[in-house]
Amino acid sequence: MSGEPREEAKAGASVTGLSHVAIAVEDADSLAAAFVSALGATRGAEELLDGGALRVVFVHLGPVTFELLEPRSPEHTVAKFLASRGPGLHHVSLEVADIAAALARCRDAGVRLVDETPRAGAHGTQVAFLHPKSLGGVLVELSQAREP
Ligand code: CO
């Protein structure tokens, strides 16, 4: 029955879109410039996350958004990612309406969680990461937009 809490939780856990694809890079400005000149991208907002240890620059191409991740501290996980693998795809971010419900559903399904509870992402979002070992080697971010 659609009115059961469990069914409502499942509906809230559904993916509603692709938020962004994130790329780890040493120099976000030069990669952003490449997207602008080569593909006509629009440079979007940028901000510092994780206490200033990570600079994030958004690039928009029509309905597609890239999130360029430029670490500012060698201790940041993205810096360690760059050191071990070099620049490249870091994560895919999926929009969900209810991140708590989505995380609970993933946990029930046996997916390893990087974040047991949601935390603050860029521009007011709540985000949580799922472990790549459970999802084909791809780090997946769940993202819930801030309340309207
Ligand atoms: Co992201």
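Thresholds applied
Residues numbered from 1 in each chain as written. Predicted model: local features only at pLDDT ≥ 70, side-chain atom pairs only at ≥ 80, totals over all residues. Heavy atoms only, no water. Pairing = 2+ DSSP bridges. Helix = DSSP H or I, 4+ residues; strand = E, 2+ residues; numbered from the N terminus. Contact = heavy atoms within 4.5 Å. Axes fitted to C-alpha atoms, helices over the stretch in contact; angles between N-to-C directions. Salt bridge = Lys/Arg side-chain N within 4 Å of Asp/Glu carboxyl O. Buried < 20%, exposed > 50% of the residue type's maximum accessible area, 1.4 Å probe, protein only. Donors = N, O, S within 2.8 Å, 3.2 Å for Na, K, Ca; no water. Expected span 1.5 Å × (residues − 1). Arc of directions from axis to C-beta.

Colleague: Any chance you could break down the sheet that holds strand β2 (residues 42-49) for me, citing the residues and the numbers?
Modeller: In space, the 8 strands of this open sheet follow the order β2-β3-β4-β1-β5-β8-β7-β6, with mixed pairing throughout. The strands lining the two open edges of the sheet, one partner per strand, are β2 and β6 (119-120). Where helix α2 (residues 28-39) meets the sheet, its contacts fall on β1 (15-24), β2, β3 (54-61) and β4 (64-71), and the angle it forms with β3 comes to roughly 5°.

Colleague: Quick one: what's the story with the pattern of salt bridges, residue by residue and with numbers?
Modeller: Across all of its chains, the model carries 8 salt bridges by this definition. Between Glu70 and Arg55 there is a salt bridge, with the nearest N and O atoms lying 3.2 Å from each other. Taken as a pair, Glu70 in strand β4 and Arg55 in strand β3 lie far apart in primary sequence, 15 residues in all. Of the residues examined, Glu70 reaches a relative accessible area of 7% and is grouped as buried. In this structure Arg55 comes out as buried when scored by relative accessible area, which is 7%.

Colleague: Can you break down the coordination of the cobalt ion residue by residue, with the values?
Modeller: Coordination sphere of the cobalt ion, protein contribution only: His20 (NE2), Glu67 (OE), His91 (NE2) and Glu141 (OE), at 2.1 to 2.5 Å. Along the chain, the residues donating to the cobalt ion fall in the pattern H-x46-E-x23-H-x49-E. In this pair, His20 sits in strand β1 while Glu141 sits in strand β8 (residues 140-144), placing the two residues 121 residues apart along the sequence. Taken as a pair, His20 and Glu141 share a single burial class, namely buried.

Colleague: Would you mind going over α2 in detail, with residue names and values included?
Modeller: The terminal C-alpha atoms of α2, which comprises 12 residues, lie 16 Å apart, in line with the 16 Å expected from a rise of 1.5 Å per residue. Looking at α2, one finds that the buried residues are Ala28, Ala32 and Phe35. Angular distribution of buried residues about the axis of α2 spans 60°; they occupy a single face of the element. Within α2, the exposed residues directed more than 90 degrees away from the buried face are Ser37 and Ala38. Those residues of α2 that are buried are in contact with β1, β2, β3 and β4.

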